[in-house]
Amino acid sequence: MSKSDYDAVVVGAGPNGLSAAIVLAQAGLSVLVLEARSVIGGGTRSAELTLPGFMHDMGSAIHPMAAGSPLFQSLPLAEHGLEFIYPPVAAAHPFDGGTAAILAGSVADTARTLGADEETYRRLFEPLVRHWPGLAPDVLGPLRFPDHPIDLAQFGLNALLPATQLARRFKTTEARGLLAGMAAHAIQPLTNLTTAAIALVLMTVGHQRGWPMPKGGSQQIANALASYFRSLGGRIEVDRPVRTLADLPKTRAVLFDLTPKQLLSIAGDRFSAFYRKQLERYRYGPGIFKVDWALDGPIPFAAADCDRASTIHLGGTLEEIVMAEQQTYDGQHPDRPYVLLAQQSRFDASRAPAGKHTAWAYCHVPNGSTVDMTDRIERQVERFAPGFRDRILARATMNTAQVEAWNPNYVGGDINGGIIDIGQLYTRPTLSLTPYRTSEPGLFICSSATPPGGGVHGMCGYQAARVVLRDSFGLATPVVLTNR
């Protein structure tokens, strides 16, 4: 093909870029994806980071939002090599003393483990799980009039709350801690408005679909998306960084799977002064410090329920997690940070040599921090799994600068591509009913810096592609997906 043969070019081969490319290719357009790195995947890449034979997820690891994505469910990804593994427990939250709260199976299954909070939990989550198939496209899209306004309004009454306020409905340490561990995925103080939404969505999807992992590593999500895209006639070129618009072939539409910082450096001079100023004001949140371990055996958790879960939230009580997340937001480094840990090799034997294991964890740190949090993370693991450190064969770490160098969308280590607080929940990257448009005709943004934000679900790319089809090609957009 010559340089003028592409209807659309997508810059960045992460899940959102690949999803946008697929939607455009499904409409019959010729589409080129350009990836700066030698490997596709963005935040869904896997590699041997510690020792030979130990496969680690470099970015995302466990994928409730991928399993619950209306777009991914509409695609034949299984036919292109994607196989999800579903542990018996989606997530566990251990406490001192060898107990743990769990997110497992149905709402009733989880509620029964919460003692005095059983009925409260059922009342909160049963309606959400029942209505989620219709709610998902409204929740995972831009600000617009919803298809199911009553259901969305009922969801919003709880979702707009700070997680700390929602937690007041529960009496037990277990239920309050479980909610806090879920809400801390928001990477901001749990006293902020809308932090309850993160917990509600993750827990609802867990009851609907579980919290699976891709067999062989998160790279398999990107590989399956790319394989399907190529089957539609799409083309992907790696080692193709785009530094200016002059690096692009001639095309009618360009979609950037990049956040505002990179978009400004590439095309800032083409934007209106007003739009450029809005991008310059875009805010990034706290970053992460990440550790991967090669282990001589499984993590010896004191709570047996942790052995059945792929994801472990380490932070203790609601009060501890609230304090740690506030300290991080205030520029401090908690002595007992909230730690999000995944133990993929317990359920996927392909991740490590026979009898050995891998583990993956991160804690939140101030944006741009270079403080080494290895010891503090390992002390939190040891707290709930005595003897853990004795099983470490090797480790690999990344501070925020290294995280950003690995994936420039993670500015200052912010893996959400920008803070998802009340000021940027639906107004990312700008205040607009069509936030996927830029001020320059033919240039669009499809990254996690657009609604619905971070997570491996492809919905940012899907929503952006719908706008491109309408704006640049006058084509009917795909029907709004229904979560099946």
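Before reading further, recall that the structure is shown in the block above.
Notes on the structure follow. Sequence order as written defines the numbering, with residues in each chain counted from 1. Only residues with pLDDT of 70 or above have their local features reported here, since the model is predicted, and side-chain atom pairs are shown and tallied only from 80 upward, although totals for entire chains, interfaces and linings are computed over all residues. Only hydrogens and water are set aside; all other atoms, that is, all heavy atoms of the structure, feed into the side-chain values.

Think of it this way: a Phe, Tyr or Trp ring, Trp meaning its six-membered ring, pairs with another when their centres are within 6.5 Å, and the plane angle makes it stacked under 30 degrees, edge-to-face over 60, tilted otherwise. A full pass over the atoms with the stated rule returns 7 aromatic pairs. Seen in terms of ring centroids, W406 and Y410 are 6.0 Å apart; in terms of plane orientation they differ by 45°. Their pairing is tilted.

What follows deals with the pattern of salt bridges. We define a salt bridge as a contact between a side-chain nitrogen of Lys or Arg and a carboxyl oxygen of Asp or Glu at a distance within 4 Å. Evaluation of the coordinates by the stated rule reveals 23 salt bridges. In this structure, the salt-bridge partner of E404 is K261, at a minimum N-O distance of 3.2 Å. Of the two residues, E404 is situated in helix α15 (residues 400-406) and K261 in helix α11 (residues 260-267); the sequence distance between them amounts to 143 residues. According to the relative accessible area criterion, K261 is partly exposed, its value standing at 47%. The shortest N-O distance in the salt bridge between E320 and R336 comes to 3.5 Å. Of this pair, E320 sits in helix α13 (residues 318-329) while R336 sits in the loop between α13 and β13 (339-342), and the two are 16 residues apart along the sequence. Among the residues examined, R336 registers a relative accessible area of 44% and is labelled partly exposed. Each of D335, D375, E378, R379, R389 and R395 takes part in a single network of salt bridges with overlapping partners. The helix and strand labels rest on DSSP assignments: H or I over at least four residues marks a helix, E over at least two residues marks a strand, and numbering proceeds from the N terminus. To sort residues, take the accessible area from a 1.4 Å probe on protein chains only and compare it with the maximum for the residue type: under 20% means buried, over 50% means exposed, and anything in between is partly exposed.

Attention now goes to the sheet that holds strand β10 (residues 253-256). An order of β9-β2-β1-β10-β16 is seen for the 5 strands of this open sheet, with the pairing classed as parallel. Two strands lie at the open edges of the sheet, namely β9 (235-237) and β16 (443-445), each paired on one side alone. Across this sheet, the average inter-strand angle for adjacent strands is 20°, counted without regard to direction. Strand direction decides the pairing type here: strand β2 (residues 31-34) and β9, joined by 3 bridges, are parallel. When the sheet's bridge partners are listed, L34 is paired in β9 with E237. In the packing of helix α1 (residues 15-26) onto the sheet, the strands contacted are β1 (8-11), β2, β9 and β10, and the crossing angle to β2 comes to about 170°. Strand pairing is assigned whenever DSSP detects at least two bridges linking the two strands. Simply put, an axis is a line fit to the C-alpha atoms, just over the touching stretch for a helix, and the angle between two N-to-C directions goes from 0 to 180 degrees. Residues are treated as being in contact if the distance between any of their heavy atoms lies within 4.5 Å.

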